[in-house]
Amino acid sequence: MLKCPNCQSKDVGKIGVNQYYCWNCYIEMTIAKGVIYTHQVEEDGSLSSLDDLFGEEERTISM
Ligand SMILES: [Zn+2]
């Protein structure tokens, strides 16, 4: 089960192929090659990366 790297919530919904959304802290996650890429949706609809906030270990998922 995927956990949000930001808030550790398991309230994560699938929104597309390899794309997930955290309903707890409202960030979008994209999974590519076992790594979670995190994005925050800004008020104007653009995406800003949150990847700098997390270490490589936190962003790696074991399949
Ligand atoms: Zn979250």
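Residues numbered from 1 in each chain as written. Predicted model: local features only at pLDDT ≥ 70, side-chain atom pairs only at ≥ 80, totals over all residues.

For the protein, an unreviewed UniProt entry supplies the name Zn-ribbon containing protein and the organism Priestia taiwanensis.

(A) Layout of the overall build of the protein. Along the backbone of the protein there are one helix and five strands. Helices and strands appear in the protein in the N-to-C order β-β-β-β-β-α. If you line up the protein on its principal axes, its C-alpha atoms span 35 × 25 × 20 Å. In the protein, which comprises 63 residues, the proportion classed as buried is 11%. Contacts spanning at least 24 positions in sequence make up 20% of the contacts within the protein whose residues lie at least 6 apart. (Helix = DSSP H or I, 4+ residues; strand = E, 2+ residues; numbered from the N terminus. Buried ≥ 20, exposed ≤ 12 C-beta atoms within 10 Å, placed from the backbone. Contact = placed C-beta atoms within 7 Å.)

(B) Molecular detail of unusual backbone geometry. Non-glycine residue Tyr26 carries a positive phi angle of around 60°. For Tyr26, the location among the structural elements is in the loop between strand S2 (19-22) and strand S3 (27-32). Within the chain, Lys33 stands out as a residue other than glycine whose phi angle is a positive 55°. Mapped onto the elements of the fold, Lys33 is located in the loop between S3 and strand S4 (35-41).

(C) Seen up close, the pairing of S4. With six bridges joining them, S3 and S4 adopt antiparallel strand pairing. Across the sheet, residue Ile27 finds its bridge partner in S4, namely Gln40. Alignment of S4 against strand S5 (residues 47-49), held across three bridges, turns out to be antiparallel. Within S5, the position partnered with Gln40 by the bridge is Ser48. (Pairing = 2+ DSSP bridges.)

(D) Molecular detail of the environment of Leu2. Along the polypeptide, Leu2 turns up in the segment before strand S1 (12-16). The class of Leu2 is partly exposed, set by 14 C-beta atoms lying within 10 Å. Taking the C-alpha atoms as reference points, Leu2 and Tyr20, separated by 18 residues in sequence, lie 8.9 Å from one another. Beyond its immediate chain neighbours, meaning those up to four positions away, Leu2 contacts Val12, Tyr20 and Ile61.

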